[in-house]
Amino acid sequence: MPFTLRLRMFSQILVRTQSAPMSILRDIRSQLVQVDPDQQVMRVRDLEKWITGLPECAQQGLVATLSGIFSILALALAAVGPYSVVSYGVATRTNEFGIRIALGAKAADVFRIVLSSTALSVGGGLAAGLLLSITFDKLATKWVMESSRDPLIFVGVTLLLIVAAALACFLPARRAASVDPMEALRYE
């Protein structure tokens, strides 16, 4: 006894392919006719294009784009903060750096002084930020299905912030290392 399959009205058939889905449409229709000669093929759509065309998918894309833009903005602010603080600190300590250089300190010593004092505050800020991130993640897991506690993300963001802070502190440290002692003494 041959097996016959009757498809109900408004049935949907999903076909997984290795090639472009619309290129094998003729083969799919011939297979459908073999299964049920009375079945009509109404609408044929590429599932991936259909899903990406949904408003929910477009909304998620917009949210992801906005999150990326705000992340870049936050990184820029995170770099401007240390730059302005270190620049102000170097400007207020210009006299001290001039005296150090006049007494025989090398430019590398002054450079190291500026970077080490900055490293202390940047390290404290990074430690506080990581602690707050872990705490917030524990709080957010009550409302979000998945945890965002991925060590690779934490390490990557930490390294990115360290590089941004180092670049932001480089110019003021270089300026402090190149202070002319006579100018620095006249500065006050």
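Residues numbered from 1 in each chain as written. Predicted model: local features only at pLDDT ≥ 70, side-chain atom pairs only at ≥ 80, totals over all residues. Heavy atoms only, no water.

Q: Report on the overall build of the protein chain, specifying residues and quantitative values.
A: A tally of regular secondary structure across the protein chain gives 7 helices and 0 strands. Walking the protein chain from its N terminus toward its C terminus, one meets helices and strands in the order α-α-α-α-α-α-α. Counting all 188 residues of the protein chain, 15% fall into the buried class. Sequence separation of 24 or more characterises 72% of the internal contacts of the protein chain that already satisfy a separation of 6 or more. (Helix = DSSP H or I, 4+ residues; strand = E, 2+ residues; numbered from the N terminus. Buried < 20%, exposed > 50% of the residue type's maximum accessible area, 1.4 Å probe, protein only. Contact = heavy atoms within 4.5 Å.)

Q: Go over the packing of aromatic side chains, please, and point to the residues and values.
A: Two aromatic rings, taken as a pair, are described by how far apart their centres are and by the angle between their planes. A complete count under the given rule lists 1 aromatic pair for this structure. When the centroid spacing of 5.7 Å and the interplanar angle of 75° are considered together, the rings of Phe111 and Phe170 count as edge-to-face. Residue Phe111 is found in helix α5 (residues 107–140), and its partner Phe170 is found in helix α6 (residues 151–177); the two are separated by 59 residues along the sequence. Judged by relative accessible area, which is 37%, Phe170 ranks as partly exposed. (Phe/Tyr/Trp six-rings, centres within 6.5 Å; stacked < 30°, edge-to-face > 60°.)

Q: Please provide a residue-by-residue account of the pattern of salt bridges, values included.
A: Applying the stated criterion across every chain, the model contains 3 salt bridges. The residue Glu96 makes a salt bridge to Arg93 at a minimum N-O spacing of 2.9 Å. Taking the shortest distance from any N to any O, the salt bridge between Arg100 and Glu96 comes out at 3.0 Å. Note that Arg100 and Glu96 are positioned in helix α4 (residues 94–102) at a spacing of 4 residues, about one turn of the helix. We classify Arg100 as partly exposed; its relative accessible area is 35%. Among the charged side chains, a network of salt bridges with common partners joins Arg93, Glu96 and Arg100. (Salt bridge = Lys/Arg side-chain N within 4 Å of Asp/Glu carboxyl O.)

Q: Requested: an account of the layout of surface pockets, with residues and values cited.
A: In this structure, the second largest pocket spans a volume of roughly 370 Å³. Around the second largest pocket, the lining comprises 18 residues; the ones closest to its centre are Pro82, Val86, Thr118, Ser121 and Val122. For the lining of the second largest pocket, the secondary structure elements donating two or more residues are α3 (55–92), α5 and α6. The biggest single contributor to the lining of the second largest pocket is α5, with 7 residues. Tallied by class, residues from the lining of the second largest pocket come to 12 nonpolar, 5 polar and 1 charged. (1 Å grid on protein atoms, 1.4 Å probe; cavity = no way out; pocket = protein on both sides within 12 Å on 5 of 7 lines; lining within 4 Å. Points joined across faces, edges and corners; volume = space filled by probe spheres on them. Nonpolar A, V, L, I, M, F, W, Y, C, P; charged D, E, K, R; others polar.)

Q: Any chance you could break down the packing of α4 against α5 for me, citing the residues and the numbers?
A: Each packed pair of helices is defined by two parameters, the angle between the axes and the distance between the axes. Their axes nearest at 10 Å, the elements α4 and α5 cross at an angle of 145°. In this structure, the crossing between α4 and α5 has a hand that is right-handed. For the pair formed by α4 and α5, the contact residues are Phe97, Arg100 and Ile101 on the first element and Val110, Ile113 and Val114 on the second. For the contact of α4 with α5, the per-class residue count stands at 5 nonpolar, no polar and 1 charged. (Axes fitted to C-alpha atoms, helices over the stretch in contact; angles between N-to-C directions. Left-handed = near helix turned anticlockwise from the far one by under 90°.)

Q: Could you give an account of a nonpolar patch on the surface, naming the residues involved and the relevant values?
A: Residues Leu62, Leu66, Ile69, Phe70, Leu73 and Leu77 make up a contiguous nonpolar surface patch of roughly 630 Å² in combined accessible area. Overall, the relative accessible area of 52% leaves Leu62 in the exposed class. (Patch = residues over 30% accessible without salt bridge, like charges linked within 9 Å, V, L, I, M, F, W, Y side chains within 5 Å. Areas by Shrake-Rupley, 256 points an atom, 1.4 Å probe, with all protein chains shown as cover.)

Q: Give me α3: which residues, what numbers.
A: Between its terminal C-alpha atoms α3 stretches 55 Å, which fits the 56 Å expected from 38 residues at 1.5 Å a residue. Each element contacted by the buried residues of α3 is listed here: α4, α5 and α6. (Expected span 1.5 Å × (residues − 1).)

Q: Outline the environment of Pro21, listing residues and values.
A: Examined against the element boundaries, Pro21 turns out to sit in the segment before α1 (25–35). Of the residues examined, Pro21 reaches a relative accessible area of 30% and is grouped as partly exposed. Expressed as a C-alpha distance, the spacing of Pro21 and Leu47, which sit 26 residues apart in the sequence, is 8.8 Å.

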